[in-house]
Amino acid sequence: MKRFVYADNAATTKLDGAVLEAMLPYLTEQYGNPSSIYALGQNAARAIRAARERVAFELGAKPEEIYFTGGGSESDTWAIRSAAALSKRGKHIITSVIEHHAVLHAVEALEREGFEATYLGVDRDGLVSPDELSAAIRPDTALITIMTANNEIGVIQPIAELSAIAREHGVPFHTDAVQAVGHIPVNVDALGVDMLSLAAHKFHGPKGVGALYVRRGMRLQNLIYGGGQERGKRAGTENTAGIVGLAKALALANEDLEEKMRVTTAMRDRLIDGILGSIPYSRLNGSRERRLPGNVNVSIEFIEGESLILRLDEQGIAASSGSACTSGSLDPSHVLLGIGLSHEVAHGSLRLSLDHFNTDEDVDYILETLPGVVAELREMSPLWEHADKEGVDNAV
Ligand SMILES: *Cc1c(COP(=O)(O)O)cnc(C)c1O
């Protein structure tokens, strides 16, 4: 029977009903401007204060180290541009080839402004090497920015190890933790980072709101001029409802996190084993062990990722592909190329991202549906027709 299965939680997540409920008063009767001194305004100010304290608590930070932003991309851009602009060391940035475009494009913009960048490669599993990071650090390195967990292949970097190297050299360390926060334990001291980005809509909060953690003592450049909001660094009347929603979503996501991780990991592993076992010429992308609980990313050879996504959509499955079709030309994912896949194999990739709102029935349905869809697409594919299928004994 056809159903709807949302398996694209890495792109965004549904708003948790309890989060909406926490937000509603600030969209309706509690509409005061938090800067106003009468009660209606102060109610909103108090809600933001409580939200900041909660977010700080969840990350093991101090409230004055939390800046609310308009989402993950803004947090990344702000962190990177600020560290670059204020550095006394020089004009060199270190990042990795598999970062989110919010990071990569911010670093590329700095390159156009006279900075130099080193893009660390990753191994087959998607991991950055601590030795390579050590070797890349220069006296003029202003910032190292390496993501906590990758949005496409789910690989979790050894951030504590990498940040320790940065600290030894006195280089600030930023991490894009947008995929990690609310899905695995994230504590700024355990990670040893100086700046960290997160976005509410990746853990069942509202879209268009995020946060940037900035360790005390680390200077932060102004982002938006105007009033004194966010310690005078990001002016503009606060998104009270969004901020309240972010804090509520984070608190809920971190509740019984270990148990949610266990449940989600079990679904993930059943999906991975089921796919690899039923679809010939399929392989897992990214480390099997150092992997987000909900991330499945497989390459399915001899098919086109885009057509697969559209066929799955017809069957009620919302998923994503590593290949993004931009202006008629197919650009394979920089992440999949980064782990060494060929252009062809990178094109036939499928990302299924689950979380604890998914069910075993969702996994069953995907496993029932996917092999048939793949077989159909392969039947129509000239790539498949000419492929050397010697030795493949699975039924297709
Ligand atoms: C989603 C995402 C972003 C961007 O966050 P927005 O809130 O959409 O701006 C940045 N980095 C990673 C790793 C992401 O997954």
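Look up: the structure comes first, before these words.
So, here's what we can say about the structure. (Residues numbered from 1 in each chain as written. Predicted model: local features only at pLDDT ≥ 70, side-chain atom pairs only at ≥ 80, totals over all residues. Heavy atoms only, no water.)

## Examining the sheet that holds strand S14 (residues 349-353)
And then number 1: The sheet built from three strands is open, its strands ordered S9-S10-S14 with antiparallel pairing. Taken across any chain shown, the strands that pair with only one partner, and hence form the sheet edges, are strand S9 (282-284) and S14. Strand-to-strand, the axes of this sheet are offset by a mean angle of 25°, without reference to chain direction.
And then number 2: The sheet contact formed by strand S10 (residues 295-300) and S14 spans five bridges and is antiparallel. Within S14, the position partnered with Asn 295 by the bridge is Ser 353.
And then number 3: Contacting S9, S10 and S14, helix H9 (residues 257-278) runs over the sheet at an angle of about 10° to S10. (Pairing = 2+ DSSP bridges. Helix = DSSP H or I, 4+ residues; strand = E, 2+ residues; numbered from the N terminus. Axes fitted to C-alpha atoms, helices over the stretch in contact; angles between N-to-C directions. Contact = heavy atoms within 4.5 Å.)

## Section: the site of the ligand
And then number 1: The local shell around the ligand holds 13 residues, among which Gly 72, Ser 73, Asp 176, Gln 179 and Lys 202 are the closest.
And then number 2: A distance of 2.7 Å separates an oxygen atom of the ligand from a polar atom in the side chain of Ser 73.
And then number 3: His 201 places a polar side-chain atom, nitrogen or oxygen, 3.0 Å from an oxygen atom of the ligand.
And then number 4: Burial of the ligand by the protein chains amounts to 86% of its free accessible area of 380 Å².
And then number 5: The element that contributes the greatest number of residues to the shell around the ligand is helix H3 (residues 72-86), accounting for three residues.
And then number 6: Taken together, the residues of the shell around the ligand sort by class into three nonpolar, seven polar and three charged. (Near = heavy atom within 4 Å. Polar contact = N/O pair within 3.5 Å; in protein donor to acceptor, adjacent residues only side chain to side chain. Areas by Shrake-Rupley, 256 points an atom, 1.4 Å probe, with all protein chains shown as cover. Nonpolar A, V, L, I, M, F, W, Y, C, P; charged D, E, K, R; others polar.)

## Focus: the sheet that holds strand S4 (residues 116-120)
And then number 1: Pairing in this open sheet of seven strands is mixed, and the strands run S2-S8-S7-S6-S5-S3-S4 from one edge to the other. A strand with exactly one partner marks an edge of an open sheet, and here the two such strands are strand S2 (66-69) and S4. On average, each strand axis in the sheet is tilted by 20° relative to the strand beside it, whichever way the strands run.
And then number 2: Bridge analysis of strand S3 (residues 92-96) against S4 gives five bridges, and the strand direction is parallel. Residue pairing in the sheet places His 92 in a bridge with Glu 116 of S4.

## Concerning the packing of aromatic side chains
And then number 1: Under the counting rule described, the total for this entry stands at four aromatic pairs.
And then number 2: On the basis of an interplanar angle of 75° and a centroid distance of 5.7 Å, the ring pair of Tyr 67 and Trp 78 is categorised as edge-to-face. Of this pair, Tyr 67 sits in strand S2 while Trp 78 sits in helix H3, and the two are 11 residues apart along the sequence. Note on accessibility: Tyr 67 and Trp 78 belong to one class, buried.
And then number 3: Taking the centre distance of 5.1 Å and the plane angle of 75° together, the rings of Tyr 281 and Phe 302 count as edge-to-face. With Tyr 281 in the loop between H9 and S9 and Phe 302 in the loop between S10 and helix H10 (305-314), this pair connects stretches of sequence that are 21 residues apart.
And then number 4: Residue classification places Tyr 281 among the partly exposed residues on the basis of a relative accessible area of 25%. (Phe/Tyr/Trp six-rings, centres within 6.5 Å; stacked < 30°, edge-to-face > 60°. Buried < 20%, exposed > 50% of the residue type's maximum accessible area, 1.4 Å probe, protein only.)

Nothing here speaks to function; it is all geometry.
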